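# Architecture at a glance
Take a look at the letters that make up each chain.
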Amino acid sequence: MDKKNLEGEVDKLKGRVKETVGVATGDRDLEAEGKIDALKGKVKDAAGNLREGIKRKLEELDEPKPANPEKP
């Protein structure tokens, strides 16, 4: 898991809590803030997934290719 994935999960959780508290208390500003935090979390999570994918591809490129046997 990439650092951004972890940050994203924290933001999504924080957003859900704020949104739930906002709905329960009737605080529309807190509810909206929670939705924004959750959205930030999703963006960070997607960025983390992208970074992981890029790292994997770079590692694949660095791996030595198996030698092809010479054709007679």
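The preceding data block contains the structure.
Now for a description of the structure that goes with this document. Numbers given to residues run from 1 along each chain, matching the order in which its sequence is written. In keeping with the model being predicted, local features are shown solely for residues with a pLDDT of at least 70 and side-chain atom pairs are shown and tallied solely at 80 or more, while totals for entire chains, interfaces and linings include all residues. Side-chain metrics in this entry use all non-hydrogen atoms of the structure; hydrogen atoms and water are not considered.

### Regarding a nonpolar patch on the surface
- Patches in this entry comprise residues that are over 30% relatively accessible and not in a salt bridge; like charges within 9 Å are linked, as are nonpolar side chains (Val, Leu, Ile, Met, Phe, Trp, Tyr) within 5 Å. For accessible areas, the Shrake-Rupley method is used with a probe of radius 1.4 Å. Any residue's cover is judged against the shown protein chains and nothing else. We define a salt bridge as a side-chain nitrogen of Lys or Arg found within 4 Å of a carboxyl oxygen belonging to Asp or Glu. Together, Leu 50, Ile 54, Leu 58 and Leu 61 line one region of the surface with nonpolar side chains, adding up to about 430 Å² of accessible area.
- Each helix corresponds to a stretch of at least 4 residues labelled H or I by DSSP, and each strand to a stretch of at least 2 residues labelled E; elements are numbered beginning at the N terminus. Within the secondary structure, Leu 58 sits in helix H2 (residues 28-62).
- Note on classification: 1.4 Å probe, protein chains only; a residue is buried when its accessible area is under 20% of the maximum for its type, exposed when over 50%, partly exposed between these limits. For Leu 58, a relative accessible area of 48% puts it in the partly exposed group.

### Let's talk about the pattern of salt bridges
- Considering all chains together, one arrives at 11 salt bridges under this definition.
- The closest approach of N and O atoms between Glu 9 and Lys 12, which form a salt bridge, is 3.1 Å. One end of the pair, Glu 9, and the other, Lys 12, are both in helix H1 (residues 3-25), three residues apart, so they sit about a helical turn from each other.
- With relative accessibility at 33%, the residue Glu 9 sits in the partly exposed group.
- Three or more residues joined by partner-sharing salt bridges are found here, namely Lys 3, Lys 4 and Glu 7.

### Overview of H1
- Over its 23 residues, H1 runs 33 Å from end to end, which matches the ideal 33 Å to within 8%, given 1.5 Å per residue.
- Those residues of H1 not exposed but buried are Asn 5, Gly 8, Asp 11, Lys 12, Gly 15 and Gly 22.
- Here, residues are in contact when the closest pair of their heavy atoms is within 4.5 Å. At its buried positions, H1 is contacted by H2.
- Immediately beyond the C-terminal end of H1, within one or two residues, lies Gly 26, with a positive phi of roughly 80°. Each helix should span, by expectation, one fewer than its residue count multiplied by 1.5 Å.

### Some words on the packing of H1 against H2
- With axes taken as lines fitted to C-alpha atoms, and helix axes fitted only over the stretch in contact, angles between N-to-C directions fall between 0 and 180 degrees. At a minimum axis separation of 7 Å, H1 and H2 run at an interaxial angle of 165°. Taken as axis vectors, H1 and H2 run roughly antiparallel relative to one another. The crossing of H1 and H2 is left-handed.
- Each residue gets one label: Ala, Val, Leu, Ile, Met, Phe, Trp, Tyr, Cys and Pro are nonpolar, Asp, Glu, Lys and Arg are charged, and the others, such as Gly, are polar. Looking at the contact of H1 with H2 residue by residue, the classes come out as five nonpolar, eight polar and 18 charged. We call two directions roughly parallel when the angle between them is under 35 degrees, roughly antiparallel when it is over 145, roughly perpendicular when it lies between 65 and 115, and oblique otherwise. In this scheme the crossing of two helices becomes right-handed for a clockwise turn of the near helix relative to the far one and left-handed for an anticlockwise turn of less than a right angle.

### Re the side chain of Asn 5
- Note that Asn 5 resides in helix H1.
- By relative accessible area, Asn 5 is classed as buried at 3%.
- In protein, a polar contact means a hydrogen-donor-capable atom and an acceptor-capable atom, both N or O and within 3.5 Å, with residues adjacent in sequence counting only if both atoms are side-chain atoms; elsewhere, any N or O pair within 3.5 Å suffices. Separated by 2.6 Å, the side chains of Asn 5 and Asp 45 make a polar contact.
- Within the structure, the side chain of Asn 5 is placed 2.9 Å from the side chain of Asn 49, a separation counted as a polar contact.

Scope: geometric values only; no functional claims are made or implied.
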